[in-house]
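Given next are the chains, with one letter for each unit.
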Amino acid sequence: MTDNIKNNPFSALFTPVNQSEVFTPESTDSASASKSTIQGEHSKTPGEGVEPVDKDLKERLEINQIVEDVFQLTLNKQPRPPMKGNAPSCHLVLLEDLASALAPQNLIDVQTLEPALFERLMLSEPANHVLPISGRSSPVGGEHAVQRDVLIYLFECFRRLSERLETDFGDAPKNSHQNIRAGRLSQMVTIVLQNASTALRQPDLFPGQRLDSQLLRLFAESHSPELRSFVNGIVVVFPKEEEGEADELQAAFVPVLSLAQKEIIRGGLSALDRSVYDLLHVFALNDRLAPVLLACSTPANPNRGRDYVNSVLGAILSPSTIPESPDIPYAFFDQRTTLGQGSIRAEEDVAWTALGAVREGAARIFESLLRHAGEIRHRTLTWLASCLDANAPRGRIWNSLHGPGALGPGPAAHSCASDGFALNLCAVLLRLCQPFVHEHTHPRLMRIDPTYYAATLRSARSGNSSAIDEERKKRGIHLNITGEETCLIPAQPEGAGGAEAGSSSCSSGGGVARPQAENYTFLTECFFMTHKAIDLGFRVAHERLLRISQDLGRLRRVYHEVRAQSEMGGLGSNPAEAEEAIVERVRIGTTEVLCLRTAMVQPQTLSLMAQMHVATSMWLVQVALCDIDGEPKKRTPETGYAPGVCRNVFFPLPKGPPPAEDGVGVPPLLSCVPEQVVENVAGFLSFCRRFSRHTLEECSGAGALDPLLTVILVFMGAPERIRNPHLRAGLAESLEALLPPSHRGAAEESPDEVSTIPGFKRERLFVEHPHRLQVVECLLNVFVGIEMTGQSVTFEQKFNYRRPMYYIMDYLWQIEEHKNCFKHLAAEVEVNQDSVSPPLFLRFVNLLMNDAVFLLDDALSHMAQLRQMQTARESGEWQNLPRSEREQNEGNFQRIGMIARFDNILGRETIHTLKFLTSEITSIFSHPTMVDRIASMLNYFLYHLVGPKKKNFKVKDLAEYEFKPANIVLDICQIYTHLGSSDAFCLAVSQDGRSYSPQLFSLAEDVLLRIGGGGLIVELQNVGARVAQCASQQRSQEELLSEAPDDFLDPIMSTLMLDPVVLPSSRTVVDRSTIARHLLSDQTDPFNRSPLTLDMVKPADELRCRIEAWIKEKTNVKAMEEDSRAGTSFKDDDGKMSTS
């Protein structure tokens, strides 16, 4: 010890200097008398029967005993037994320097504890100073006594003191003695915390010790509840703000946070250290440590998404089954060893448990930060919003289009956070939303303001960053809203000035200001942040998962082709190398699929996601009802525009809000809602259909699925509520996810999986939902809308959108009340078939036949090409070609095979749909606008599938291309039998000169016998007989009218016109049935593309009378000739009888 305590550099460890001077040599003599007295009394042990009589001495002995028990320190060089009634002490560390300075005193009281504890902490090897007990020199039970690490030792002292306080006094001391003793224990606690604080502030005092590592070790090794109190206590004794609190805290705890970040990154998910999350949670809870945590999470470049990963808060979101960087290998599902389903499930469970810990731990940290008021909450929300904004390139189209599929993520991988990070952030935000979305009827859900994306920062024009930040904090607008986000509908009516008509941009072009609230609540911000996270995380990962899965399917087909060529010797000298290259790519892709899918279907997160989308569906419907009720006009920025209450849904819904009384309209609330909200709902349902069929059935709560069907019905068939036809079609696809898992489409895709999934809730949905009878009409509206929208929908996209609709219609047809909806819509055609606007069902049937003709014709053409190419390859023709040409042929073969497979699937579904529709709806197919088309279509495909050309489509591996000619033939023959009772249909079949022949049905009968369709033969024979009779009549009619003048013929169909009409713009004359059929698909003049509707055409009465007269003349002449040959009488034009 130093001679002058005031010059001692460690004097800060003690209480005020004048109290510490008792430990200097100058003060030793003045206290010698009292020390002698204490020493003398203490030299008599309780075992000798001498009880302390001095009250002060007794207190000193008690405190000394506590010090020995808690700190395991002593000034007594002689081992001594414990006080009477106490358990034996552990080994004690002798403080030799302090004992010499205080001799003859050998008791440690509260005042002497400070220098005693300091000397103990300065011992490099405490084990060298341990006193033995009962002759034992080894530190039995003395791990604490010999602990070298400062913070580990101090925490154990803190824990023991806290335990004594809790055990001895409980809630409060009961008397003055206990009160004094409790005060002494509290003083000791303060001394411990002061020393811990000093150690962190001045780590140079303890060379060789890693204090940051010790704090992490405490959380890793101890699960004591006192850890949080220990850390909080250390912060409490830090200097106050005016004394440089921020700098002191930063210097003390930044090393701890930096080490925590490194530990998370080092361990990853496979070696996850959950204790680091516990440590950071303690930081987040403390109002003085939370700013330090946020300061350590500031990215180097706030505009670069990947820089957020390299922060403390970013690190806690990083552990995942998906590596943070494309060049890091996967740690799960190593496909180099063959993994069975059992091994995959076991590894999946391990990963799910770890992912659950990561997401739950991260959510606790963010939730604790957000529970703080003021600046901490603002900075946390700013971090979340900035992180989402900086990672926005993840969700852009170019990133998904240029992603290399099974070989890695898209081009944003090196500038943005990984899929694993984005999915974890999404899971955290879902947990933050859970309090107000766990029940879709929760009243807080109706307090979410839909105008958030219409909000503008008034201070943005000033460019003052401080002013902007302050406005964000005050108004609750932390996301970077550019005004260019695509919203559900445009802010102004279509065709109005300003922005481009029909645009759904969220900008308020043309001077139309959308409503916006003055301030937004945390609920609103959390809701929209979560949807943005889902868009950037879950949606992007889903698209990538689909892309990789498709790549794997193609690679497997290529592998089988390569194997086949290898067996024929068509791969040169080293076929094994080509096979191995494909196998390696499949291995990498399979690992990627398993890791990505595992991160997405983690059970707790998927359940939260389902709750979120059910609640979102409820909210979207209420926003739409607010528009219908004219609510935006009734609200003000101060009141906000949240729905407030739940309104009842009634169909049919009005097309728009009521007209404003003052003539001044307010843009609808749906013009403020970004498309991503609806896209997320639709995307999640589609994901469940493909990758997690159990999820929807496991949604808890009665009627939990009802809002999902309601939102589809409100928006799917309503362009006035969703302008984007692709989005409406996406809702139709999501409707398929609500079908029971046993429906035909699911059973064909994965029969083994669906057999294990119950479907009661989804079955109930379509028989009990209050608005279930709207499903058929909404579905047909979107089916027709894809074609008639006038917007960009590519040919392939159109068929992709319609594919799930076929499965939905097939399921609905099996439920009687839904079948009646189809029949009701068909009945409306009978009444309104010639109306200005063609009836919905008529347009639907027309498009259905268009699709069937295109798809099946295309499919048969590609199957014929495949057969030719297979024949050429098997004959060895390709082996003699140059390598580049041979590879080009292989690429074409694969491409044509993919197209053929696509066409076969969809073509088969269109024919199947026609089959069940015609089983009970026949009149519409016999109408003049339809009958010729369906008859020629059926004849054409039946002839190709059963006639002499059927061998042209026979290829190897028919199942590979989904070519099922037997199914198509059965369906076509059933359609014939369904419509065979109609004279118009039979006549149309016989009139088809391209494909019909008297032998057509005989050929079909032979095929039916071979494919198990014998039960149809009798009915088909009856149809054939009726068609033959009509054919005979038709031949006579054709002979009669074969010399019709050219101006009597329809210029499009080259058939005799019966009801000629004049087109107003081109002045062309066509038959009414021809132009009516054309207008079902294209409402323009076919000769000059001018707009045209059926009410615009003018009857050509004069021409019609001429045609009728000509027909009558020809008929009479024919009759006279027949009568003349038969010698019979006939009537002349004047009605007089004549004889031959």
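Whatever comes next refers back to the structure up there.
Since this is a predicted model, take the numbers as computed values, not measurements. (Residues numbered from 1 in each chain as written. Predicted model: local features only at pLDDT ≥ 70, side-chain atom pairs only at ≥ 80, totals over all residues. Heavy atoms only, no water.)

### Considerations on the overall build of the chain
Helices and strands together make up the secondary structure of the chain, namely 43 helices and eight strands. Residue burial in the chain is summarised as follows: out of 1140 residues, 53% are buried. Long-range contacts, defined here as pairs at least 24 residues apart, represent 74% of the contacts in the chain between residues at least 6 apart. In the structure as shown, the chain presents an accessible area of about 50400 Å², 51% of it carried by carbon and sulfur atoms. (Helix = DSSP H or I, 4+ residues; strand = E, 2+ residues; numbered from the N terminus. Buried < 20%, exposed > 50% of the residue type's maximum accessible area, 1.4 Å probe, protein only. Contact = heavy atoms within 4.5 Å. Areas by Shrake-Rupley, 256 points an atom, 1.4 Å probe, with all protein chains shown as cover.)

### Some remarks on a positive patch on the surface
On the surface, R867, K950, K951, K954 and R1010 cluster together into a patch of positive charge. Among the residues examined, K950 registers a relative accessible area of 32% and is labelled partly exposed. (Patch = residues over 30% accessible without salt bridge, like charges linked within 9 Å, V, L, I, M, F, W, Y side chains within 5 Å. Salt bridge = Lys/Arg side-chain N within 4 Å of Asp/Glu carboxyl O. Lys, Arg positive; Asp, Glu negative; His and termini not counted. Charge placed at Lys NZ, Arg CZ, Asp CG, Glu CD.)

### Observations concerning the environment of R867
The topology assignment puts R867 in helix α35 (residues 840–874). Setting aside residues up to four positions removed in sequence, R867 forms contacts with K951, N952, F953, K954 and V955. Separated by 3.2 Å, the side chain of R867 and the backbone oxygen of K951 make a polar contact. (Polar contact = N/O pair within 3.5 Å; in protein donor to acceptor, adjacent residues only side chain to side chain.)

### Considering the packing of helix α17 (residues 375–390) against helix α19 (residues 419–437)
Where α17 meets α19, the closest approach of the two axes is 12 Å, and the angle between their N-to-C directions is 140 degrees. Judged by the inter-axis angle, α17 sits oblique to α19. Read as a crossing pair, α17 and α19 show a hand that is left-handed. Taking contact as the criterion, the partners of W383, L384, C387 and L388 in α17 are, on α19, F421, L425 and L429. In terms of residue class, the contact of α17 with α19 is made up of seven nonpolar, no polar and no charged. (Axes fitted to C-alpha atoms, helices over the stretch in contact; angles between N-to-C directions. Parallel < 35°, antiparallel > 145°, perpendicular 65-115°, else oblique. Left-handed = near helix turned anticlockwise from the far one by under 90°. Nonpolar A, V, L, I, M, F, W, Y, C, P; charged D, E, K, R; others polar.)

### Thoughts on the sheet that holds strand β4 (residues 1060–1062)
Within a sheet, adjacent strands bond to each other through the backbone by hydrogen bonds, running parallel or antiparallel. With antiparallel pairing, the three strands of this open sheet are ordered in space as β5-β4-β6. The open sheet has two edge strands with one neighbour each: β5 (1069–1071) and β6 (1098–1099). For β4 and β5, the ladder comprises three bridges, and the chain directions are antiparallel. Note that in β5 the partner of P1060 across the bridge is D1071. Packed on one face of the sheet, helix α42 (residues 1072–1081) meets β4, β5 and β6 and runs near 85 degrees to β5. (Pairing = 2+ DSSP bridges.)

### Considering the side chain of H144
With respect to the helices and strands, the residue H144 is situated in the loop between β3 (130–131) and α7 (150–169). In this structure the side chain of H144 is engaged in a polar contact, spanning 2.9 Å, whose partner is the backbone oxygen of V70. Those residues within four positions of H144 in sequence are excluded, and the remaining contacts are V70, F71, Q72, R120, Y153, E156, C157 and R160.

### Section: the packing of helix α6 (residues 110–122) against helix α8 (residues 176–201)
Their axes nearest at 10 Å, the elements α6 and α8 cross at an angle of 30 degrees. Accordingly, the angle class assigned to the pair α6 and α8 is roughly parallel. By crossing handedness, the relation of α6 to α8 is classed as right-handed. Contacts from V110, L113, E114, L117, F118 and L121 in α6 reach R184, Q187, M188, I191, V192 and N195 in α8.

### Considerations on the nonpolar core
In terms of nonpolar packing, the biggest core is built from 305 residues, with F71, F253, W619 and F841 touching the most fellow members. Tallying contributions element by element places α35 first for this core, with 17 residues. Membership of the second largest hydrophobic core comes to ten residues, among which are V1062, A1100, L1103 and W1110. (Core = buried A, V, L, I, M, F, W, Y, C linked by side-chain atoms within 4.5 Å.)

### Digging into unusual backbone geometry
Look at the link from A103 to P104: it is a cis peptide, with omega at 10 degrees. Among the secondary structure elements, P104 is positioned in the loop between α5 (96–102) and α6. That bond from F651 to P652 is cis: its omega, 0 degrees, falls within 30 degrees of zero. Looking at where P652 falls in the secondary structure, it is placed in the loop between α24 (631–634) and α25 (675–691).

### Some words on helix α27 (residues 706–715)
For α27, the tally of buried residues reaches ten of ten residues, placing the bulk of the element in the interior. Those residues of α27 lying buried are D706, P707, L708, L709, T710, V711, I712, L713, V714 and F715.

### Describing the sheet that holds β3
A sheet is described by the order of its strands in space; here three strands give the open sequence β1-β2-β3, paired in mixed fashion. Of all the strands in the sheet, the pair left with one neighbour each is β1 (73–74) and β3. As judged from the two bridges shared by strand β2 (residues 92–94) and β3, these two strands associate in the antiparallel manner. Following the sheet pairing, L92 is matched in β3 by L131.

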